[in-house]
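# What the coordinates show
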Amino acid sequence: MKLGWYINRLRSMEPAEVLHRLGEAAKQRISKGRHEGWARYPAPQTLTTLPTLPGLRDRLAGADEATRAAIAAAAASTLAGRFSALGRDWPARDAAELFPQSLWRFDPVTSGAWPGPEAYALEIDFRHDGSRGDIKYVWEFNRLQWLVPLAADLLLTDNAGALAALEAAIASWHAANPPFRGVAWASGIEVALRAISLIVVASLAGDSLSPGARRMIGEILAASRFWLPRFPSRFSSANNHLVAELAGEYLIGLAYGAEPPATRAALIAEIDRQILADGSGAEQTPTYAAFTVELALLCAFAARAAGVPFPESFDNRISACASFIDSLGEPPPALGDDDEGRVLTLGGGEPGYIRSIASAIAGFLGIPGMTPAPGDLRSAIFGQPSAVSTPPDGLTTFSDGGLTVWRGSLAGHAATLSFDHGPLGYLSIAAHGHADALSVTLALDGQPVLVDPGTYLYGSGGAWRDWFRGTPAHNTLTLYGHNQSRISGAFNWADKASALWLGPLHASHDGYVKAFGVTHERRIAPGPDGFAITDKLNGGTEEAELVFQLAGDLDTRIDGDTVLVQRAGAPVLTLRFPSPAIAVARGGDTPGPGGWVAPRFGEKLPADRIVWRGNIGPDGVVTRISVAK
């Protein structure tokens, strides 16, 4: 598997990237033994107070009662030894020993331990060695984002327990993770997110911390400041990881009182690349777009407070992203990957995350936007929208990102329909994209009905990782179980399908040309009580499958050529196919043919998957979907 991964990765690289990777590998070897140890990264000699971000403390000090209560609850959970993330609960810890040094390497799924200070970080195989579990879990805890509620609670209530926990956590992490040893230093995005967490902690509670804790934070930031620009994400890896790395570098520099202009320029340029002109995300996933914007938004907030605001072009780009999120409706479709990445969080999974980011953008810019949920931490920092926005009914097409959203009334129900006609993903490996060209999703009255299956797992997902991002799991057409694009690694694609927008709710893709000599064309026609989907195969006739994945709380009944979809016994909609060749399956021990949905990272639930099978050619077939009154 490791050799195959390298071969596929090389195929995705241009010659300049191959040379870069070879040079980077040499630099990594040189760094081993030369750049390690805390002694090389002392805190500044003049450090009397920690580096801080201007404006952050004052904003949070004015938090409303709901936000204060949410902060207190998050802090209390940490003080009780509880932590949950990515669909897992870590074992509860004794409040008297909250942060043993083994905690930073602990995997809550396997109960195993990842390498610690005995291993050089860049020699740890976290991509291919599945025996330890999914690296995401241990990294999530090492981001230290759960320290922010402790610091906020200390600021707001002078909680002595929060102060003691902050001191203990910082001391334990510092002792267990010397530079650049152990898995916590193995990825630049993790170094950056941890540094950002510590800067926020310092901004909120730095004056209360002991000189020893301030020194340790200073050393961690100094080591991070050295490491981040040394091994940046470049070429095919320059996705949201690069934005995080640049944000970490920028905020460290700004917090120390010296805004790095080159890093600022690079960050703003990267936002222009990764947030498209229509506000959608280049990585073809709304949650990664929101995460990318949150990183930049914190930088823009700090820059404005420091008197060096970002340019109007940046404001316009993130404003477009807020409008994009607003148009997706509630709940937004779970397109592409989602690993629940956050920057400022109180934990708890945050099912309304992208809505919170849209509201934060509006609050920062002082424009109308989505109403945040009560107790939203970001609203306390970035501000509230100037008014409540109302997304438009009818068609909204995001031509740059390749997504059309139709909003309106179907049989008296508020409906949101999405139609994906965008590229597979971003850059040559399209790391976080799914093979979902021409797929549809549907929500009625704020309840999901036809859904994208979600993500489930990354590195430890194996066949499940492939299933959840493959074509047969999505609401589109598949030929003989083939994917539109060829999977060549857990974060790599080859032979990528290209979609072509042909007009309103009308598009095609060429993902089956190489194997079968046909293109798939789909047209959607809304009506007063539902919509018709016409699928064609241009260039020949093949036996195809039309898939419709339902939300987990729905069930079905087949009656001839029709499937009745119900929720708790009440009719929701019917699907009428060209013939009775219909199968419905839910769950199963292996991926397919049963349906699964992943409501969040690390969780999968069985759900009915409807499949119609029949011959399709250039004349096409029509599926009629009617919403129950």
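Just so it is clear, the structure is predicted and the values come from calculations on it, not from any experiment. (Residues numbered from 1 in each chain as written. Predicted model: local features only at pLDDT ≥ 70, side-chain atom pairs only at ≥ 80, totals over all residues. Heavy atoms only, no water.)

## Some words on the overall build of the protein chain
- If you tally the helices and strands in the protein chain, you get 17 helices and 23 strands.
- A globule of 629 residues ought to have a C-alpha radius of gyration of about 25 Å, and the protein chain, at 25 Å, matches this closely.
- A total of 629 residues make up the protein chain; the buried ones form 58% of that total.
- Contacts spanning at least 24 positions in sequence make up 68% of the contacts within the protein chain whose residues lie at least 6 apart.
- Just so you have it, the protein chain exposes about 22,900 Å², and 54% of that area is on carbon and sulfur atoms.
- A distance of 5 Å separates the average location of the 53 positive side-chain charges in the protein chain from that of its 64 negative side-chain charges. (Helix = DSSP H or I, 4+ residues; strand = E, 2+ residues; numbered from the N terminus. Rg over C-alpha atoms; globule rule 2.2 N^0.38 Å. Buried < 20%, exposed > 50% of the residue type's maximum accessible area, 1.4 Å probe, protein only. Contact = heavy atoms within 4.5 Å. Areas by Shrake-Rupley, 256 points an atom, 1.4 Å probe, with all protein chains shown as cover. Lys, Arg positive; Asp, Glu negative; His and termini not counted. Charge placed at Lys NZ, Arg CZ, Asp CG, Glu CD.)

## Details of the packing of aromatic side chains
- Taken as a whole, this structure holds 33 aromatic pairs when the rule is applied.
- Between tyrosine 480 and phenylalanine 516, the ring centres sit 5.4 Å apart and the planes meet at 35°, which makes this aromatic pair tilted. Taken together, the residues span a long stretch of sequence, with tyrosine 480 in the loop between β8 (477-479) and β9 (486-489) and phenylalanine 516 in helix α17 (residues 513-516) at a distance of 36 residues.
- For tyrosine 480, a relative accessible area of 46% corresponds to the partly exposed category.
- Note on phenylalanine 516: relative accessible area 21%, which makes it partly exposed.
- Joined through ring pairs, the aromatic side chains of Phe83, Trp90, Phe99, Trp104, Tyr137, Phe141, Trp146, Tyr458, Phe491 and Phe601 make up one cluster.
- Just above the ring of phenylalanine 364 sits the side chain of arginine 304; from NZ or CZ to the centre is 3.7 Å.
- Here the basic side chain of lysine 604 rests over the ring of tryptophan 596, its NZ or CZ set 4.0 Å away from the ring centre. (Phe/Tyr/Trp six-rings, centres within 6.5 Å; stacked < 30°, edge-to-face > 60°. Lys NZ or Arg CZ within 6 Å of the ring centre and 35° of its normal.)

## Some words on the sheet that holds strand β12 (residues 506-509)
- Taken in spatial order, the eight strands make up an open sheet running β11-β12-β13-β14-β23-β18-β17-β16, and their pairing is antiparallel. If you trace the sheet from one side to the other, it starts and ends with β11 (499-503) and β16 (554-559), each paired once. Along the sheet, successive strands turn relative to each other by an average axial angle of 20°, direction set aside.
- Alignment of strand β17 (residues 562-567) against strand β18 (residues 570-576), held across six bridges, turns out to be antiparallel. Bridged to valine 565 within β18 is leucine 573. (Pairing = 2+ DSSP bridges. Axes fitted to C-alpha atoms, helices over the stretch in contact; angles between N-to-C directions.)

## So, the pattern of salt bridges
- Applying the stated rule across the entire model yields 25 salt bridges.
- Two residues, lysine 136 and aspartate 339, come together in a salt bridge whose shortest N-O distance is 2.7 Å. Of this pair, lysine 136 sits in helix α5 (residues 135-142) while aspartate 339 sits in the loop between α13 (312-328) and α14 (353-365), and the two are 203 residues apart along the sequence. In this pair, the class of lysine 136 matches that of aspartate 339, namely buried.
- The partner of aspartate 535 in a salt bridge is arginine 522, and the shortest N-O contact between them spans 2.7 Å. Of the two residues, aspartate 535 sits in strand β14 (residues 530-538) while arginine 522 sits in strand β13 (residues 519-526), which places them 13 residues apart along the sequence. When sorted by exposure, aspartate 535 lands in the same class as arginine 522, which is buried.
- A single network of salt bridges, built from pairs that share partners, joins Glu294, Arg342, Glu350 and Arg378. (Salt bridge = Lys/Arg side-chain N within 4 Å of Asp/Glu carboxyl O.)

## Some details on the packing of helix α8 (residues 188-205) against helix α12 (residues 286-305)
- Relative to each other, α8 and α12 sit at 45°, their axes nearing to 13 Å. Comparing the axis directions of α8 and α12 gives the class oblique. At the point where α8 passes α12, the crossing takes the left-handed sense. Seen from α8, the contacting residues are Ile189, Leu193, Ile196 and Val200; seen from α12, they are Phe291, Leu295 and Leu298.
- The residue makeup of the contact of α8 with α12, split by class, is seven nonpolar, no polar and no charged. (Parallel < 35°, antiparallel > 145°, perpendicular 65-115°, else oblique. Left-handed = near helix turned anticlockwise from the far one by under 90°. Nonpolar A, V, L, I, M, F, W, Y, C, P; charged D, E, K, R; others polar.)

## Quick word on the pairing of strand β7 (residues 447-450)
- With three bridges connecting them, strand β6 (residues 440-444) and β7 associate as antiparallel partners. Counted as the bridge partner of leucine 444 is glutamine 447 from β7.
- Where β6 hands over to β7, the hairpin turn is made up of two residues, of which aspartate 445 adopts a positive phi near 50°.

## Quick look at the side chain of lysine 136
- We classify lysine 136 as buried; its relative accessible area is 6%.
- Once you skip the residues sitting within four places of it in the chain, lysine 136 turns out to touch Leu86, Arg143, Asp339, Tyr458 and Phe601.

## A closer look at the sheet that holds strand β15 (residues 542-549)
- Ordered in space as β8-β15-β22-β19, the four strands form an open sheet in which the pairing is antiparallel. If you trace the sheet from one side to the other, it starts and ends with β8 and β19 (582-586), each paired once. Strand-to-strand twist across the sheet, computed as the mean angle between neighbouring axes with direction ignored, equals 30°.
- The pairing of β8 with β15 spans three bridges and is antiparallel. Note that in β15 the partner of threonine 478 across the bridge is glutamate 545.

## Describing the environment of glycine 257
- Considering the arrangement of structural elements, one finds glycine 257 in the loop between α10 (240-255) and α11 (261-274).
- Considering only alpha carbons, one finds glycine 257 and leucine 53, 204 residues apart in sequence, at a separation of 9.0 Å.

## So, unusual backbone geometry
- The peptide bond linking proline 179 to phenylalanine 180 adopts the cis configuration, its omega dihedral lying at -15°.
- Within the secondary structure, phenylalanine 180 sits in the loop between α7 (160-176) and α8.
- With an omega of 0°, the peptide bond running from glycine 592 to proline 593 counts as cis.
- By the element assignment, proline 593 lies in the loop between β19 and β20 (596-597).
- For leucine 438, which is not glycine, the phi torsion reads 70° and is therefore positive.
- Within the fold, leucine 438 resides in the loop between β5 (413-420) and β6.
- Judged by relative accessible area, which is 0%, leucine 438 ranks as buried.
- Even without being a glycine, leucine 505 presents a positive backbone phi close to 50°.
- By the element assignment, leucine 505 lies in the loop between β11 and β12.
- Residue leucine 505 is classed as buried on the basis of its relative accessible area, which comes to 3%.

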